[in-house]
Each structure stands twice: as C-alpha cells, then as structure tokens.
Amino acid sequence: MSSNAPPLAGVIGHPIGHSKSPRLHGHWLRTYGLAGHYIPMQVERRDIPEMLRLLPRLGFCGLNVTVPHKETALELADLVTDRAALIGAANTLIFRSDGKVHADNTDGYGFISNLRQNAPEWDPRRGPAAIFGAGGAARAVIVALLESGVPEIRLSNRTRARAERLRADFGAKMVVYDWARAGNMLDDAATVVNATSLGMTGQPDLRVPLDGLSPDMLVTDIVYTPLETPLLAEARNRGCTVVDGLGMLLHQAVPGFERWFGLRPEVDETLRHVVLAE
Ligand code: ATR
C-alpha cells in the first residue's frame, strides 16, 4: 500500500444494509473535503479473523462493528480499552501501524455526548438514574453514567436475571427493580433512559406506568425510529427535558472518524437531516 493512498474505513455487520454509518461518515468526508472512503461490508463471523489480517494491508485504518459482531471484535482484538472491556463489546477498531488491532467502545461516549450537547444543564450527579433494559445498549449506558458520577443506578428488565448480572458486574451503586414495578424507579430520579427496543417502529410500546415523571427529570431513549418515541412524547407532555436517541448514534461515530481520517467532525443539524433522509 503506498502511503499516499486515501485512507479507508468501513463498518462490518450482518446484515449491514440498514446501517446509517456509511451515510454519516460519507457526509463528513464530503463536508471536510477529505480524501478517503467508508465502506459497508456484510461479513460472516467465521471470516472476521482473516479480514482483520487482510484489511490493514489493503489500506484500511480501522472499522466500525455492529450487530452481531461486537463481542467477537472485542475477543479478537490485541488491545482493548477499559471502557470496551467493561461494556464487553467493541464498536470501533483501530488498525495500528505496528499491526495490532485496538478495540474501543464509543457507545457510552455517544450517549453522554448527546445529552451534553442537547441538555447542557443536565447533571448526572444530581440524582439516581432509572434504566429500562439490560442488554448491550444498557451496559454502555451504565458504564457512561458511572463514569459521569451518577450516585445510583436503578435497573429493571423483563428478564430479571440479566439485570442481576449487571448488578454483579457493576457493583454497589446498582439497584434492581422487578419489571412489574419498573415505574417505581422514577421516584426522585434525575435521569430516565429507555435502553430496550420497546417503542421502536414495529415493536410494542414500553408499557410502564409513567406518572412518576416530573419536570426536573431528563428523559432519553436509545430508540430513534421514531425520533419521538411514546416514552419521549409522554415525558415532553409532563414537562421533562427530553433528548432523542439519534444523537447517540451520531456522537459514537466521532472518535473513529477522527482516528481514521485525522479530523474531529462536528455533530450538527445538517448531519441529523442527512442521516434521517431515506
Ligand atoms: P441491545 O444490545 O440493543 O441492548 P439486546 O441485548 O437484545 O439488544 O437487548 C434488548 C433489550 O430490550 C433487553 O433489555 C430486552 O429484555 P430481555 O432481556 O427481557 O429480553 C428488552 N426487550 C425487548 N423486547 C422486549 C419486550 N417485548 N418486553 C420487554 N423488554 C423487551
């Protein structure tokens, strides 16, 4: 590979057609007039080890990783950031010049950056956070909130054992609520997060009593189709500060783009429109 060839990056997953990352990175490459390409690749798990050996030799600087390969990417990496290890999954790979694959997870960073940008007055240290869900997204949210100094995390999940597992992994600040009593998590909470897929187009709604929502709370959702989920609509009606989930997707892409293409990109309204356009 000659050193003046344009840098390459991309996203691997299975399927990959739905991924918004090519549109997002493509917009930044065009906006900043950078030479480089970002390519979606549908990859089977069994092909990933060979791919990680070959792509750096073809001029790739790294990859984003999406469902279902995030755990595999973490396992195969030579070096892993603390936050990726804590989350147990990688969404960003950097191919280093010494041949090593460095794995990071920027989902939690994306979550916090979205809230900081859209609700600058929000202070996670002000009170407990209530989280619905205990899957991969919930893990990233929990790691980010703990790093930000949240005093307590209340967690409720349909399958209680998964929430208990997170309490075992993340320790004393975690309190598990039964799914039938998930609404009780809202009492005096400062931050409320839906980290389940409920409320997404084509999925059932989050059917948790929401009368505990009050105007001093920040409410956000990892779901961004629709942008205003039933939870966010209810929270808005009750006067809460509301931040939709699209910004998490946009912000999680920033660290990878900066590493691969050498410039820290902006998350702005234009980017939101570009990513939402069909
Ligand atoms: P992700 O990595 O996006 O978090 P996941 O690990 O499949 O995906 O987690 C999906 C989350 O949505 C889980 O908390 C899941 O609850 P279970 O652990 O009980 O499966 C939650 N979820 C999905 N469909 C649900 C439903 N119909 N009712 C309640 N929770 C649901």
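Quick caveat: nothing in here was measured; it's all calculated off a predicted structure.

1. A word on the site of the ligand
Residues in close proximity to the ligand total 13 residues, the closest being Ala134, Asn157, Arg158, Thr159 and Arg162. Between the ligand and the protein, one listed contact pairs an oxygen atom with a backbone N or O atom of Gly136 at 3.1 Å. Ser197 is positioned with one of its backbone polar atoms (N or O) 3.4 Å from an oxygen atom of the ligand. Protein chains bury 69% of the 640 Å² of accessible surface belonging to the ligand in isolation.

2. Examining the packing of helix H5 (residues 107-118) against helix H6 (residues 136-147)
Contact geometry of H5 with H6 gives a least axis separation of 8 Å together with a crossing angle of 60 degrees. For H5 against H6, the interelement crossing comes out right-handed. Two secondary-structure elements touch here, H5 through Asp107, Gly108, Phe111 and Ile112 and H6 through Ala140, Val141, Ala144 and Leu145. The class makeup of the residues in the contact of H5 with H6 is six nonpolar, one polar and one charged.

3. Let's talk about unusual backbone geometry
His14 connects to Pro15 through a cis peptide bond whose omega is 5 degrees. For Pro15, the location among the structural elements is in the loop between strand S1 (8-13) and helix H1 (21-31). Of the consecutive residues Thr225 and Pro226, the connecting peptide bond is found in the cis state with omega at 5 degrees. Structurally, Pro226 can be placed in the loop between strand S11 (218-221) and helix H8 (230-237).

What counts and what doesn't
- Position numbers for residues count from 1 along each chain, tracking the sequence in the order it is written.
- Local features in this predicted model are restricted to residues whose pLDDT is 70 or higher, and side-chain atom pairs enter the listing and the counts only when it is 80 or higher, whereas totals over whole chains, interfaces and linings include all residues.
- Each side-chain value is derived from all of the structure's non-hydrogen atoms; neither hydrogens nor water enter the calculation.
- Summary of the distance rule: residues count as near a molecule or strand when at least one heavy atom falls within 4 Å of that molecule or strand.
- Whenever two N or O atoms come within 3.5 Å, that pair is a polar contact, provided that in protein one can donate a hydrogen and the other can accept it, and provided that, for residues adjacent in sequence, both atoms are side-chain atoms.
- Every accessible area reported is derived by Shrake-Rupley at a probe size of 1.4 Å, with residue values counting cover from the shown protein chains alone.
- Fitted lines through C-alpha atoms serve as axes, helices being fitted only where they are in contact, and the angles separating the N-to-C directions of these axes extend from 0 to 180 degrees.
- To qualify as a helix, a DSSP run of H or I must reach at least 4 residues; to qualify as a strand, a run of E must reach at least 2; elements of each kind are numbered from the N terminus.
- Two helices crossing with the near one rotated counterclockwise from the far one by less than a right angle form a left-handed crossing, whereas a clockwise rotation gives a right-handed crossing.
- Only heavy atoms enter the contact rule, under which two residues are in contact if any of them lie within 4.5 Å.
- Each residue is assigned to one of three groups, with Ala, Val, Leu, Ile, Met, Phe, Trp, Tyr, Cys and Pro labelled nonpolar, Asp, Glu, Lys and Arg labelled charged, and all others, Gly among them, labelled polar.

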